[in-house]
Amino acid sequence: MSLKSRGVAERTSRSVVSQKWSLLLCLGSFCAGMLFTTRMWIIPEIKSGIARTTTVEAEKLKLVSEGCITKFQKHVKLVSKDIFGKVSKTHHAIQTLDKTISNLEMDLAAAKAAQESILSGAPISEEIKKDDSTRKRKYFMVVGINTAFSSRKRRDSVRATWMPQGEKRRKLEEEKGIIIRFVIGHGATVGGILDRAIEAEDKKHGDFLRLDHIEGYLELSAKTKTYFATAVNLWDAEYYIKVDDDVHVNIATLGETLARHRKKPRIYIGCMKSGPVLSRKGVRYHEPEYWKFGDKYFRHATGQIYAISKDLATYISVNQHVLHKYTNEDVSLGAWFIGLDVQHIDDRRLCCGTPPDCEWKAQAGNICVASFDWTCSGICRSVDRIKEVHRRCGEGENALWKAAF
């Protein structure tokens, strides 16, 4: 075969081979295209199905989570209420225990002081000897009305208004546990005309507490100290009150006010003030020891009326020989409690004004505990006006017998 014919044969053979491979490549490409096209159509459908499924599952999870959260919140609220209730009960129990311990400590101290007095041969009050059996009885409060030898008309005006008399006073002691007495000491001459006048008045009314104390205006701090020491040894009460004989008092409202604090230890309640210290001689309420205070006194209850709990009265009784006396008795009482864990309660109902002030408050349902005039440190012309104050600001006699302390 010639070279020319051989070249033609080779070209023919290559052409046939190329056509076969082209056909195979085309077929392969077609199959690959079909496969890819089918894949592309299926994936979005799957993705769409997954998306729908995910949305449904998310909604279910949201509902479940919301339900769980709601239940959890309810559970937290219930647990919080339960914890708060337990904390409140625990706090109340601690307060009660604190007061019980304080009372026991004061009772022990008082018993030791009394024993020491007996062993040392110190005189014992005749009132305590006479009524020693009454100490076994528990009372709610003892109200001591500070009075003087010259105040017979004031005492009669108090008897005619807010202080029960005769059988009613005995009923008040037996049923309500409330003791009310006029508090007075002795004259400079023991057994003199002043003492005999008080003894005659006491025989008629039987409403005096006589102190082992020499009366005098500048001796009010000593009288106050002796009153609390005598009263706490004579009557076992929860509260001891001092009030002046020219102040109007609503006994039931006073009892209800004190009853709110009976679970607390070491209570000192009154109208708290912090007035200026008067250093100039000759002025009323002059303070000879002004240099101890600065320009203003510390917070203390005004002297017209205040109340202290048994543990504080016992503290005064036990430590009476070392408690310093200032000229003003309300300052002295406040000073005795400095450094002690005492709860000062400022209640403005213990210092209402006379009508119309106390009358407006009574009409509004906020009956006053005590009423007086600040300008007179008591009711101005109390002998003439206390009946009017009682008529317009009194709580009514039935309030005392209906009250439950």
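Note that the structure is predicted; figures quoted are calculated from it, not measured. (Residues numbered from 1 in each chain as written. Predicted model: local features only at pLDDT ≥ 70, side-chain atom pairs only at ≥ 80, totals over all residues. Heavy atoms only, no water.)

A. Quick peek at the sheet that holds strand β7 (residues 300-309). If you trace the seven strands from one edge of the open sheet to the other, you get β3-β2-β1-β4-β7-β6-β8, paired in mixed fashion. Strand pairing shows two members of the sheet lacking a second neighbour, β3 (208-214) and β8 (343-346), which therefore form its edges. Sheet twist, expressed as the average angle between the axes of neighbouring strands with direction ignored, equals 25°. Bridge analysis of strand β2 (residues 178-186) against β3 gives four bridges, and the strand direction is parallel. Following the sheet pairing, His186 is matched in β3 by Ile214. Lying on the sheet, helix α3 (residues 152-159) is in contact with β1 (138-146), β2 and β3; it crosses β2 at an angle near 175°. The strands touched by helix α7 (residues 251-259) are β1, β2, β4 (236-244), β6 (267-273) and β7; relative to β1, the strand with the most contacts, the crossing angle is about 125°. (Pairing = 2+ DSSP bridges. Helix = DSSP H or I, 4+ residues; strand = E, 2+ residues; numbered from the N terminus. Axes fitted to C-alpha atoms, helices over the stretch in contact; angles between N-to-C directions. Contact = heavy atoms within 4.5 Å.)

B. Geometry of the pairing of β6. Of all the seven residues making up β6, six are buried; the element is thus mostly covered by neighbouring parts of the structure. Summarising the sheet, β6 and β8 pair through four bridges and their orientation is parallel. Bridged to Gly270 within β8 is Asp346. As judged from the five bridges shared by β6 and β7, these two strands associate in the antiparallel manner. Along β7, the bridge assignment pairs Ile269 with Ala307. (Buried < 20%, exposed > 50% of the residue type's maximum accessible area, 1.4 Å probe, protein only.)

C. Just the state of the cysteines, in detail. Applying the stated criterion across every chain, the model contains four disulfides. At a sulfur-sulfur separation of 2.1 Å, the disulfide partner of Cys352 is Cys368. In this structure, the disulfide formed by Cys352 and Cys368 twists by about -90° around the S-S bond and is classed as left-handed. Of the two residues, Cys352 is situated in the loop between β8 and α10 (357-363) and Cys368 in the loop between α10 and β9 (370-371); the sequence distance between them amounts to 16 residues. For the pair Cys352 and Cys368, one class covers both residues: buried. Among the cysteines of the protein chain that take part in disulfides, numbered as they appear in the sequence, the pairing is 1-2, 3-5, 4-8, 6-7. (Disulfide = S-S within 2.5 Å.)

Purely spatial values, then, with no claim about function.
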